[in-house]
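Geometric and topological summary
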Amino acid sequence: MPITDIEYYALEDIVGADYISRDPAVIECYCQCWGHVGPWGGKYSPRPAAVILPGTTDEIEAIVKICNKLDMRFKPLSSGFESVTFAQCDDRGLLLDMKRMNRIVEIDAKNQRAVVESYVNGWNLEHEVAKYGMMAAPIGVGPSGGVIAGACCHFGAGNLNCSMGGLGRNVLGVEWVLPDGTVYTMGSGEGGTDWFSADGPGPSMRGVLRGRAGANGGHGVITRASVKIYPWYGDSEITFAGPEDQSAIHKGISSVPERYKIFMVDFHSREKQFEALRKIGMTEACQMLAGALAFPLTEGNDERYAATVALQEAGVDFNRVADEGVVGVIAAETERGMAYREAIVNSIVEEIGGDYMPLGEEQQAQMFPALMWNFGYVIDAFRNTGDFLISPTSEGSPEKLLNMRKAADAIITPEMRKGRLLDCDVSQVFLIVNEQGAGGFHMENVCFWDPYNEDSVKAYLGVAMEAQNPDAEKSPFPHLGLPHLGAGLQIEWTHHVHEDLGPVYNNYDYWLRQVKHAIDPNNAAEWSAYIPEKYDPRFRDRVFWNGEWLSQDKER
Amino acid sequence: MQLEDYKHDMQRCTRCTYCTWVPYQDQQKDREFFKGCPSEKKYLWNSYAAAGKWNIGYSMINDRMEMTDMTVDAVFRCQMCGSCDVSCKVVNDIETLDFMYDLRAKLVEDGYAVPAHVELIEGLRAEDNMLGGKKANRGDWAKGMKVKDLNKETAEVAFRAGCRFAYDEELWPIARGALQILIDAGIDVGIWGDQEVCCGGRAHSIGFVGDFTKYAESNVEDLKKAGIKTLVTPCADCYQAYKVLYEKYDMKPEGVEILHITEYILRLIEAGKIKFTKEVPLTVTYHDPCHLGRLGEPWHGWKGKEVNKLGLLICHEPPKKYRRGANPDGYGIPRKIIESIPGITLVEMPRNREAAWCCGAGGGVKEAYPEFATWTAGERLHEAHTTGAQALVTACGWCRRNFVDAINEGAEDIEILDIIELVQKAM
């Protein structure tokens with residue numbers, strides 16, 4: 001049953017009429033996103049019943065309590081730039097657009113932490129902490145991604161995982177409106193001793209907050225978070241400039257900051273690439289370390305095609321280098337420190353047998369924002385064909401991921417050859433080192449597909465379905481972990497990842513549902529991109545497809 | 001274009017939100033001024049951002065969009081300043097601003113024009129201007145000036161005041177000053193006086209494309225009749241309409257050079273025909289008018305089709321040059337003029353050139369949503385204040401008017417100068 005006028009006015013009473021809407025002009029713009037064609041058969045997910053713009057934690061507490069009382073579901077969003085952001089399981093869902101909560105509450109450089117509200121995005125924080133000689137852990141999606149979204153709610157990995165760890169590991173405390181409306185302050189904050197630790201007193205809630213993939217809004221609203229910040233050796237004012245006769249994409253920093261150095265090495269084989277990542281990572285020499293994800297950053301696709309052809313004609317195969325090379329950024333506070341780190345990297349490159357790629361100053365300056373802050377990744381992910389897929393994906397030991405990489409090739413490359421996925425010669429890979437290699441690697445096998453090209457959709461579905469095949473006998477990825485970023489990029493009542501793969505992996509879904517039940521007894525936090533308290537057979541029978549609710553037996 | 005023609009672009013809007021910010025690698029210098037879209041900053045809902053308009057358009061062609069008052073509001077409560085277009089095109093190959101023009105045209109065609117805009121258009125049809133003045137009074141601004149009458153004579157250069165300068169008495173000294181500079185430099189220049197008509201640009205921006213083309217045809221014909229080689233205007237709107245929109249609609253005036261007054265003044269400075277003899281001891285900041293800056297980028301006139309390369313890479317045949325806000329003359333020339341004035345110190349606002357924040361007057365906002373227009377101007381005036389400048393200089397009558405109105409309504413006070421006034425102070 002859709003929400004009634006009385007229910008709507010109860011919510012309006014909390015925030016005021018300007019900050020809630022169920023007008024079609026508003027709600028229609030909170031159900032369209034990239035990535036929707038896979039789970040929803042078109043650009044639309046189900047419309048929310050209303051969208052609300054809370055301004056304070058008190059307002060959120062009141063909203064959540066009403067949702068509990070009236071059997072409504074709520075879900076917060078920051079930038080909204082994620083395919084799972086808007087997902088609704090019924091017509092009583094309320095989206096909380098956190099735009100009004102955009103304050104950087106505190107930057108404490110001495111104790112290396114910053115406290116932010118929900119809407120503060122990565123670049124907003126990065127820019128501000130640079131003034132204090134610090135930097136925040138960036139998220140792979142780039143500057144527009146929300147700090148809290150990446151750290152607390154959704155899978156967050158970035159190029160600097162090597163030195164800073166996954167974003168979930170950077171949380172030092174949160175203010176958290178639990179799904180029943182209780183305001184909970186996690187970790188040291190709970191004891192009133194400031195937000196310097198996410199753990200204690202009492203049992204740690206860190207795992208419940210985040211787990212591996214995050215709850216995508218399915219476990220309440222994080223209204224404030226304290227996150228770690230790290231030393232930045234560049235200028236406190238990050239200055240961008242560029243030629244006046246060129247468009248904005250050609251602008252950037254003029255040179256790599258003095259205390260930073262970029263290197264790219266071609267190791268000529270995946271095995272050596274993985275070995276180099278592991279060995280260099282373990283030395284702690286690099287702030288940033290990854291597979292040599294390389295792509296020409298051009299004005300548009302026509303220019304990209306021209307650049308690709310020109311590079312090929314010049315004998316440069318950037319796809320192969322991306323597949324077999326390593327890119328890194330060394331940073332040090334002193335010249336001596338820089339020389340020491342360079343020497344370490346040199347010795348490993350020599351030992352394994354790699355060739356340094358020549359990088360001019362201008363090229364390095366262009367690469368720096370991409371490597372350090374993930375600028376340009378949105379271009380590569382979406383402009384090529386309209387959408388991208390990162391399955392199969394996993395974290396773990398280099399050996400495991402190397403096997404997965406080979407298996408991924410076997411399902412992705414043939415589709416490239418048929419022209420149903422962007423032909424990059426080999427499947428692309430986002431391969432980053434976690435915590436200097438002690439945390440293994442994070443790997444996403446990337447392909448680019450056009451969600452509005454029928455053949456391409458078939459190829460996409462083929463790859464995605466193979467990646468989540470629960471049948472170990474038939475799966476190309478037996479026991480290599482959960483698909484879709486460890487179920488961080490799935491719509492449970494459409495994909496049934498937890499439901500189908502839980503039994504394969506020690507019935508983990510049972511425990512996840514226990515957690516959901518414990519913190520959300522009234523099932524008020526929208527669970528589509530997380531897990532329901534219990535599986536409802538109705539969700540095997542009906543689907544939302546191409547803008548309509550259909551029964552499963554109706555032909556799509 | 002019909003909305004259906006934008007279908008693939010609509011589908012490719014990813015909801016990245018870049019359209020709401022100024023470009024990341026470009027001009028994000030101060031967190032307070034990271035936002036680029038006035039509409040989204042003020043009204044917050046995604047519908048008010050360019051991404052929301054893509055969503056509304058897509059739902060219209062899919063027959064699932066209810067046309068409520070708020071739908072119309074989201075589409076028209078926007079200055080069409082083009083900030084979203086520049087930022088979007090950093091990451092995507094889609095024609096955001098062109099689509100937004102056509103979305104407005106579609107709403108007008110379907111009977112959803114905003115009442116205040118209908119009033120404007122009725123005034124335009126009756127009196128050939130967007131300010132509600134009488135046609136017979138259009139030439140009053142130039143009364144007493146000795147200049148050729150293009151209705152009777154031919155001239156090398158036509159000086160076009162535009163509706164704002166012609167009917168806004170407070171701005172008459174600027175229009176007269178600009179014309180006098182040309183006369184004093186010995187230029188063979190004429191005006192149409194009370195026979196000058198609107199360029200049609202504002203009609204275009206509020207979705208009345210038929211009215212726009214009518215005025216465009218008439219203006220192009222007038223240029224031909226008077227044997228004009230160069231058209232000069234102090235109005236950034238007229239400049240953009242003649243230079244960009246007329247070409248977009250295949251009505252480019254052949255053989256006529258279209259120049260904003262700043263471009264002509266720079267030529268006169270470089271030719272030694274304007275000499276600055278007085279010091280102007282002022283610290284100023286320059287506000288890039290949207291129509292002279294990012295919207296003044298030449299029309300590239302691409303015609304072709306979408307094709308796939310490398311299997312699926314979305315490309316074009318022939319390769320398409322997108323308008324991405326690269327307009328070095330539009331940004332550079334006014335700054336060159338300002339910097340050439342003795343005693344002046346130019347300081348930049350955090351958002352400048354292609355990332356400039358709009359003055360608030362465009363897209364029919366000043367007429368239909370005046371409080372939003374002055375709010376937008378107020379944001380810019382605050383930004384100007386943070387630079388420590390004593391004056392804000394602009395090169396557009398609409399911007400100047402809106403800034404002054406905002407100050408009169410309580411926005412942060414700073415001296416507002418048109419670049420012509422600055423040049424006159426130094427001569």
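Each remark here, short or long, concerns the structure printed above.
Below you will find a few notes about this structure. This is a predicted model, so every value here is computed, not measured. (Residues numbered from 1 in each chain as written. Chains lettered and ligands numbered in written order. Predicted model: local features only at pLDDT ≥ 70, side-chain atom pairs only at ≥ 80, totals over all residues. Heavy atoms only, no water.)

**Some thoughts on the sheet that holds strand β9 (residues 345-347) of chain B**
All names here are of chain B.
- Taken in spatial order, the four strands line up as β9-β6-β10-β11 in an open sheet, and their pairing is parallel. Two strands lie at the open edges of the sheet, namely β9 and β11 (415-418), each paired on one side alone. Neighbour-to-neighbour, the strand axes of the sheet open up by a mean angle of 35°, direction not taken into account.
- Sheet analysis places strand β10 (residues 391-394) next to β11, joined by four bridges and oriented parallel. From the neighbouring strand, A391 faces β11, where its bridge partner is E415.
- Across the face of the sheet, helix α18 (residues 397-408) comes into contact with β10 and β11 while running at roughly 170° to β11.
- Sheet contacts for helix α19 (residues 419-426): β10 and β11; angle to β11, the most-contacted strand, approximately 85°. (Pairing = 2+ DSSP bridges. Helix = DSSP H or I, 4+ residues; strand = E, 2+ residues; numbered from the N terminus. Axes fitted to C-alpha atoms, helices over the stretch in contact; angles between N-to-C directions. Contact = heavy atoms within 4.5 Å.)

**Brief notes about the interface of chain A and chain B**
- Between chain A and chain B, the contact holds 76 residues from the first and 62 residues from the second.
- Interface of chain A and chain B: buried area, both sides summed, is about 5,900 Å²; carbon and sulfur atoms make up 56% of it.
- Our count for the chain A to chain B interface comes out at six salt bridges.
- With a shortest N-O distance of 3.5 Å, K321 of chain B and E299 of chain A are connected by a salt bridge.
- Connecting chain A to chain B are 30 residue pairs in polar contact (both at pLDDT 80 or more).
- Mapped onto the side of chain A that touches chain B, the elements with two or more residues apiece are β1 (20-21), α2 (24-27), β2 (50-52), α5 (122-130), α10 (301-313), α14 (377-383) and β18 (441-449) of chain A. (Buried area = accessible area lost by both parts, 1.4 Å probe. Salt bridge = Lys/Arg side-chain N within 4 Å of Asp/Glu carboxyl O. Polar contact = N/O pair within 3.5 Å; in protein donor to acceptor, adjacent residues only side chain to side chain.)

**A look at helix α14 (residues 261-270) of chain B**
All names here are of chain B.
- The buried fraction of α14 amounts to eight of the ten residues, a majority that puts the element mostly inside the structure.
- Within the sequence span of α14, burial applies to I261, T262, E263, Y264, I265, L266, L268 and I269.
- Phi for G272, located one or two positions after α14, is positive at around 75°. (Buried < 20%, exposed > 50% of the residue type's maximum accessible area, 1.4 Å probe, protein only.)

**Brief notes about the pattern of salt bridges**
- In this structure the tally under the stated criterion is 72 salt bridges over all chains.
- The partner of R405 of chain A in a salt bridge is D323 of chain A, and the shortest N-O contact between them spans 2.6 Å. Residue R405 of chain A is located in helix α15 (residues 398-417), and its partner D323 of chain A is located in helix α11 (residues 318-324); the two are separated by 82 residues in the primary sequence. When sorted by exposure, R405 of chain A lands in the same class as D323 of chain A, which is buried.
- Through salt bridges with shared partners, a single network forms among R164, D168, E170, K366, R401 and D405 of chain B.

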